[in-house]
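# Descriptive structure summary
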Amino acid sequence: MSEELETKRIKREILVRLIKAFISDNYAENVRLIPYEMRPKGCEVPFRCCVYKERAILRSRTIAGLGFAMEDDDEKTLLSDFAKKALTRKHPEPEPLTVLQNACKGCPSAKVFVTELCQNCVAKPCMKACRFGAISNDGHRSVIDSEKCKKCGLCMAACPYKAIVKTVVPCEEACPVGAIAKGEDGLAHIDNDKCISCGKCVSACPFGATHAKSQVIDILKNIKEGKEVIALIAPALIGHMPCKPEQIQEAFRKIGFSAVYEVAQGADITAKTEAKDFQERLESGAPFMTTSCCAGYNELVKKHLPEIKPFVSDAKTPLYYTAEIVKKEHPKAVTVFISPCFAKRREVLDNPNVNYLLNFEELGAIFVAMGIEIDTCEEKEFDYKSSKEAREFALTGGVARSVQAAWKGEEGAVKPVVINGLDKAAIRNLKLWAKMGKCPDGNLVEVMCCPGGCIAGNACLGSLKDAFKKITDYGNKGQSLETERKEKND
Amino acid sequence: MKKIQVKVCQGTTCYVMGGSGSKSILDTLTEKYGDKIEIVSVRCFEICHKQDSFSKAPYVYVDDELISSASLEKVINVIESKLKNE
């Protein structure tokens, strides 16, 4: 039974059709037909005003699936031409997200609004509460002057009838850094200089207007050309596949990947490096340190919080170390990171050892399009045995626990603080701690952009609860870094 | 009284198109109907491999009635009507 929103289902259906077209004998033409097959002549019109508008939107979504910016579409280029162009592309487009202008509703601007439930009371606490003189009374009810209103919400709190409401623009509200906003045309636009690619706007838009530009065609093309293509799977993937962890390697081989590495392998190195880094910092008097593995957080530091940079661990991400190992063992291989989120796109772009990113939804679409039943795949254990902590890296608190497990310094010195989801409030805290030069709540600050950790990334497939259980089951089968450390000491 | 069978698909397509056998949904159904229903996991109904029928996944059977694009709400509606007709 589906828990997924319709917008997600449409995006997945397009990806499946796109991949089916790619593996067919008539790729470009079959891509062109996608909107017509999803909305054939005479079909019901489920969402928009007419079948033509629906097809136009599906066409734009397909463009994003092909990896292009929907903003650059001139509307007269055929989808089949986009499909061909995707095959000639040498490098994927740098910016990860794109807004579909014809699906964007052009939501009403955020405002505070007095509803008809206003009783035109005698006390008028709303007028008293407003510090900006924005509220007047027209004889029947209170009225807010939107020019003067600062949207502080004090009038809402003051109204005894709760008759004042605040409307929001979902994407603007979800974005923690103010990177998406309505432009003069009334439609949403992403400011790429501010965007940290966290993908919160993608999940928030009820019209499904923000998309990730997919690299799925680029990856399948490399496989089709017979290249050695290797998958580097994020620890979160174990929680989002309807099969045993041991079946994953075979599932990837069926797609055409030549090998699969667990990024948990690199997570073991991150944990040990970060523990060592943290110990050296504490010994030299540093007040606190933050983790450095969340791509959304790293972008935030770069673009909005440079003052916290001195407090960020120098340890590289698990993906970095894993890719280094893979490229050493297979220098000619094309490497693909299998990602739970969109934010890793920028990290992949900056790392020459990683060529492409495939997110969980795109991976799922490949399985569907190719008819691969992953729970019937043969079982094979990974050569490298990752630790319990590395396997649980993707859970909120998991990175801090791994540093604790690898810790060789003074007993009890590590005091974790967990930022479970980057929102505006969390960013304010981080800013404050950087300014004060200390963190009042502890000394090891774990930052994860998505509430719940990477298992709740914006491109995940299953439910958080199921993923959590699968990951902890898998973690419990691994050896703890703590055991390894103690054995070495003995 | 014969239990109503709710058959959920374990296949990859049903999972990708919306988490057919999601534990939290199954728990909700068990909590609501207890002994009146029996939840059966089926490897795959094999409906999804036919042409475009993947897009209507996930599939669920309530006794012999097939529900496409199955949501918790749809399944509950069918169970309710079956309970009423008994």
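Residues numbered from 1 in each chain as written. Chains lettered and ligands numbered in written order. Predicted model: local features only at pLDDT ≥ 70, side-chain atom pairs only at ≥ 80, totals over all residues. Heavy atoms only, no water.

Residue and element names in this part refer to chain B. Overall, mixed pairing links the four strands, which are arranged β2-β1-β3-β4 in an open sheet. Strand pairing shows two members of the sheet lacking a second neighbour, β2 (37-42) and β4 (65-67), which therefore form its edges. Pairwise comparison of adjacent strand axes, ignoring direction, gives a mean angle of 20 degrees for this sheet. Docked against the sheet, helix α2 (residues 23-33) engages β1 (4-9) and β2, running at close to 160 degrees with respect to β2. (Pairing = 2+ DSSP bridges. Helix = DSSP H or I, 4+ residues; strand = E, 2+ residues; numbered from the N terminus. Axes fitted to C-alpha atoms, helices over the stretch in contact; angles between N-to-C directions. Contact = heavy atoms within 4.5 Å.)

Turning next to the nonpolar core. Residues and elements named next belong to chain A. Counting residues in each nonpolar core, the largest one holds 130 residues, and the members touching the most others are Leu-66, Phe-252, Tyr-297, Ile-338, Leu-422 and Leu-430. Per element, the largest residue contribution to this core is eight residues, and it comes from helix α1 (residues 6-23). In this structure, this core is formed jointly by two domains, domain 1 (6-104 + 189-214) and domain 3 (227-489), each of which donates at least three residues. Residue contacts for Leu-422: discarding those within four places in its chain leaves Pro-176, Lys-200, Tyr-297, Leu-300, Ile-427, Leu-430, Val-447, Met-448 and Cys-449. The next biggest cluster of nonpolar side chains, apart from the first, holds 20 residues, and it includes Ala-264, Phe-278, Ala-390 and Val-414. (Core = buried A, V, L, I, M, F, W, Y, C linked by side-chain atoms within 4.5 Å. Buried < 20%, exposed > 50% of the residue type's maximum accessible area, 1.4 Å probe, protein only. Domains from an automatic or database assignment.)

All right, on to the interface of chain B and chain A then. In this complex, chain B contributes 34 residues to the contact, which on the side of chain A involves 29 residues. Where chain B abuts chain A, roughly 2,400 Å² becomes buried across the two surfaces, and 56% of that area is made up of carbon and sulfur atoms. Ranking the residues of chain B by area buried against chain A places B:Thr12, B:Tyr15 and B:Val16 at the top, with a combined share of 28%. The interface formed by chain B and chain A contains three salt bridges. Between A:Arg17 and B:Asp52 there is a salt bridge, with its nearest N and O atoms 3.3 Å apart. (Buried area = accessible area lost by both parts, 1.4 Å probe. Salt bridge = Lys/Arg side-chain N within 4 Å of Asp/Glu carboxyl O.)

Glancing now at the packing of α2(B) against helix α3 (residues 72-85) of chain B. All names here are of chain B. In contact at an axis separation of 11 Å, α2 and α3 are set at 25 degrees when each is read in the N-to-C sense. The angle between α2 and α3 places the two elements in the roughly parallel class. Crossing geometry of α2 relative to α3 is assigned as right-handed. Seen from α2, the contacting residues are Ile-25, Thr-28, Leu-29, Lys-32 and Tyr-33; seen from α3, they are Leu-72, Val-75, Ile-76, Ile-79, Glu-80 and Leu-83. A class-by-class count of the residues in the contact of α2 with α3 yields eight nonpolar, one polar and two charged. (Parallel < 35°, antiparallel > 145°, perpendicular 65-115°, else oblique. Left-handed = near helix turned anticlockwise from the far one by under 90°. Nonpolar A, V, L, I, M, F, W, Y, C, P; charged D, E, K, R; others polar.)

With that settled, the discussion passes to unusual backbone geometry. Residue B:Pro58 is reached from B:Ala57 by a cis peptide bond, and omega for that bond is 0 degrees. Tracing the sequence through the fold places B:Pro58 in the loop between β2 and β3 (60-62). One non-glycine residue, A:Asn120, adopts positive backbone phi at about 50 degrees. The topology assignment puts A:Asn120 in the loop between β2 (111-114) and α6 (125-129). Owing to a relative accessible area of 26%, A:Asn120 belongs among the partly exposed residues under this scheme. Positive phi is not limited to glycine here, since A:Lys124 has a value of about 50 degrees. With respect to the element layout, A:Lys124 can be found in the loop between β2 and α6.

Our focus in this paragraph is the side chain of A:Gln265. If you trace the backbone, A:Gln265 turns up in helix α12 (residues 264-283). Beyond its immediate sequence surroundings of up to four residues, A:Gln265 is in contact with A:Thr322, A:Ile325 and A:Tyr384.

Under the domain assignment, chain A is made up of domain 1 (6-104 + 189-214), domain 2 (111-167) and domain 3 (227-489). Of note, the centres of domain 2 of chain A and domain 3 of chain A, computed from C-alpha atoms alone, are 47 Å apart.

Before going further, it helps to spend a moment on the sheet that holds strand β13 (residues 356-359) of chain A. Sheet strands line up and pair through hydrogen bonds in the backbone, either parallel or antiparallel. All names here are of chain A. Strand order in the open sheet made by the four strands is β10-β9-β12-β13, with parallel pairing throughout. Of all the strands in the sheet, the pair left with one neighbour each is β10 (259-262) and β13. Each neighbouring strand pair of the sheet contributes to a mean axis angle of 30 degrees, computed without reference to strand direction. Relative to β10, strand β9 (residues 229-233) is paired through four bridges, and the arrangement is parallel. If you follow Ala-231 over to β10, its bridge partner there is Val-260. Packed onto the sheet, helix α10 (residues 216-224) meets β9, β12 (334-339) and β13 and runs at close to 115 degrees relative to β13.

On to the environment of A:Cys175, then. All names here are of chain A. Mapped onto the elements of the fold, Cys-175 is located in the loop between α8 (170-174) and β6 (180-182). Cys-175 gets classed as buried once you look at its relative accessible area, which sits at 8%. Distance from Cys-175 to Val-263, taken between C-alpha atoms, is 28 Å for residues 88 residues apart in sequence. Beyond its immediate stretch of four places on either side in the chain, Cys-175 contacts Ile-180 and Lys-424.

For α1(A), spanning 18 residues, the distance from its first C-alpha to its last is 26 Å, which sits close to the expected 26 Å at 1.5 Å a residue. Burial within α1(A) is extensive, with 15 of its 18 residues counted as buried. (Expected span 1.5 Å × (residues − 1).)

Another aspect to go through is the confidence of the model for chain B. Residues of chain B with pLDDT of at least 70 account for 95%, and the chain-wide mean is 88. Of all secondary-structure elements in chain B, the lowest mean pLDDT belongs to α2(B), at 85, while β4(B) reaches the highest, 93. (pLDDT = per-residue confidence, 0-100.)

This part takes up empty space enclosed by the protein. Residues and elements named next belong to chain A. Using the criterion set out here, one finds six cavities of 30 Å³ or more in the structure. Put simply, the largest cavity is a space of about 350 Å³. Lining the largest cavity are 27 residues; nearest its centre among them are Cys-293, Cys-294, Pro-340, Lys-344 and Cys-454. Elements represented by at least two residues in the lining of the largest cavity include exactly α13 (295-303), α14 (318-329), β12 and β15 (444-448). Of the residues in the lining of the largest cavity, the class split is 22 nonpolar, four polar and one charged. (1 Å grid on protein atoms, 1.4 Å probe; cavity = no way out; pocket = protein on both sides within 12 Å on 5 of 7 lines; lining within 4 Å. Points joined across faces, edges and corners; volume = space filled by probe spheres on them.)

Residues and elements named next belong to chain A. Where burial is concerned, most of β12 is hidden: six out of the six residues are buried. Neither face of β12 is open: one carries Val-334, Val-336 and Ile-338, the other Thr-335, Phe-337 and Ser-339, and all of them are buried. Strand direction decides the pairing type here: β9 and β12, joined by five bridges, are parallel. Each residue of the ladder has a partner; that of Leu-232, found in β12, is Phe-337. Judged from the four bridges that link them, β12 and β13 form a sheet pairing that is parallel.

Attention now moves to the state of the cysteines. All names here are of chain A. Scanning the entire structure with this criterion turns up zero disulfides over all chains. Its sulfur unpaired, Cys-43 is 11 Å from the next cysteine sulfur, which belongs to Cys-50. For the unlinked cysteine Cys-201, the closest cysteine sulfur is that of Cys-195, found at 6.4 Å. On the basis of relative accessible area, Cys-201 is assigned to the buried category, the value being 9%. (Disulfide = S-S within 2.5 Å.)

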